[in-house]
Amino acid sequence: MCGKLLTSLISVVVSLGLLEALLRISGFSYHLYPERIEFGGPDPVTIAKDYLPDRTVFWVTGDYPPRLAALRQTRPGLIFMGDSCTQFGDYPVRLAQLLKQNGRLDSLEYASLGVAGWSSYQGLQQFRRDIIPLAPRLVTVYYGWNDHWYGFGVEDKEVAQVLSPLFKTLDSLRLGQLGMKAALGVAQRPTRALRVSLDDFKANLREMGALARRHRISMVLLTAPSSHRAG
């Protein structure tokens, strides 16, 4: 009986191994998250060089880990959070200059921690993990440009599950990728999901506000120009 069971087990393992090999040889690949990040600018070469994967917030700038470590020592009183409008925009510098004009804030320490492509979901995770330990007096929060884009097959909040250790292990196997594609095919959604739904966008901002109050941090919400119209 044990011999037959062992033979059956070996047969299953060999069969799965052969199927895995055939899928790899055929070039089959299916992922629920971006294998590399590309925007209209910077170009893909710059993206590959300057951005790093992150399990919690999906990606960060290449200098993010050492900058965050340095900020834990300096403890800036003002932090700017957001997406590419914050990372590449000059409003953090200009606002800091305005705040210093009256002479009372000459020693103001500030930091811009915006990351291109981020949604309010990623901002909430950053707030929990990185901002609260810095204990700033004030943070500005500027998200929304990326939340309304179509997701990579799943919403941002579901990508966190995709990046879990178990899923990462399954995702490294072509058989696991095939199973995920089949599962999504069965549970096909009627419409493409946005990266962050409107309800979740509101909830993410409210949760950041609640966390800020709980930790005695003043929070200012920034929004995109209201004159924008579709098309």
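Presented here is a report on the structure given in the accompanying data block. Since the structure is predicted, the reported quantities are computational estimates derived from the model, not experimental observations.

## Examining the pairing of strand β3 (residues 78-82)
Side-chain direction in a regular strand flips from residue to residue, so the side chains alternate between the two faces of the sheet.
No. 1: Across the five residues of β3, five count as buried, placing the element largely inside the fold.
No. 2: Burial along β3 is two-sided: Leu78, Phe80 and Gly82 facing one way and Ile79 and Met81 facing the other are all buried.
No. 3: With three bridges connecting them, β3 and strand β4 (residues 110-112) associate as parallel partners. For isoleucine 79, the partnering residue across the bridge sits in β4 and is alanine 111.
No. 4: Here β3 runs beside strand β5 (residues 138-142); their pairing, made up of five bridges, is parallel. Residue pairing for β5: phenylalanine 80 is matched across the bridge by threonine 140.

## So, the side chain of asparagine 146
No. 1: The topology assignment puts asparagine 146 in the loop between β5 and α7 (156-162).
No. 2: A polar atom in the side chain of asparagine 146 sits 2.8 Å from the backbone oxygen of tryptophan 118.
No. 3: Look past the residues within four positions of asparagine 146 in its chain and what remains in contact with it is Asp83, Gly117, Trp118 and Arg195.

## Focus on helix α3 (residues 64-74)
No. 1: Residues Tyr64, Leu68 and Leu71 constitute the buried set of α3. Down the axis, α3 shows its buried residues gathered within 60° of arc, on one side only. For α3, the exposed residues set more than 90 degrees away from the buried face come down to Pro66 and Gln73.
No. 2: The inward-facing, buried residues of α3 contact β2 (58-61), β4 and α6 (120-134).
No. 3: Downstream of α3 by a residue or two, arginine 75 has a phi angle that is positive, lying close to 50°.

## Topic: the pattern of salt bridges
No. 1: Overall, the coordinates contain seven salt bridges when judged by the stated rule.
No. 2: The shortest N-O distance in the salt bridge between aspartate 54 and arginine 129 comes to 3.1 Å. Of this pair, aspartate 54 sits in strand β1 (residues 51-54) while arginine 129 sits in helix α6, placing them 75 residues apart in sequence.
No. 3: Across the pair arginine 195 and aspartate 156 runs a salt bridge, and its minimum N-O distance is 2.9 Å. Note that arginine 195 is positioned in the loop between α9 (174-186) and α10 (198-214) and aspartate 156 in helix α7, a separation of 39 residues in sequence.
No. 4: Take aspartate 156: its relative accessible area is 2%, and that puts it in the buried class.
No. 5: One salt-bridge network, in which partners are shared between bridges, spans Asp54, Arg129 and Asp130.

Calculation rules
- Just so you know, the residues in each chain are numbered from 1, in the order the chain's sequence is written.
- Residues qualify for local features only when their pLDDT is at least 70, as the model is predicted, and side-chain atom pairs are given and counted only at 80 or more; totals for whole chains, interfaces and linings, by contrast, use all residues.
- The side-chain values count all of the structure's non-hydrogen atoms but skip hydrogen atoms and water molecules.
- Burial classes: relative accessible area under 20% of the type maximum marks a residue as buried, over 50% as exposed, and values in between as partly exposed (1.4 Å probe, protein chains only).
- A run of H or I in DSSP becomes a helix once it reaches four residues, and a run of E becomes a strand once it reaches two; helices and strands are each numbered from the N terminus.
- At least two bridges found by DSSP between two strands are what make those strands a pair.
- As used in this structure description, the phrase polar contact means that two N or O atoms lie within 3.5 Å; if the pair is within protein, one of them must be able to donate a hydrogen and the other to accept it, and residues adjacent in sequence are counted only when both atoms belong to side chains.
- We call two residues in contact whenever any of their non-hydrogen atoms come within 4.5 Å of each other.
- Directions from the helix axis toward the C-beta atoms define the arc.
- Salt bridge, as used here, is a side-chain nitrogen of Lys or Arg placed within 4 Å of a carboxyl oxygen of Asp or Glu.

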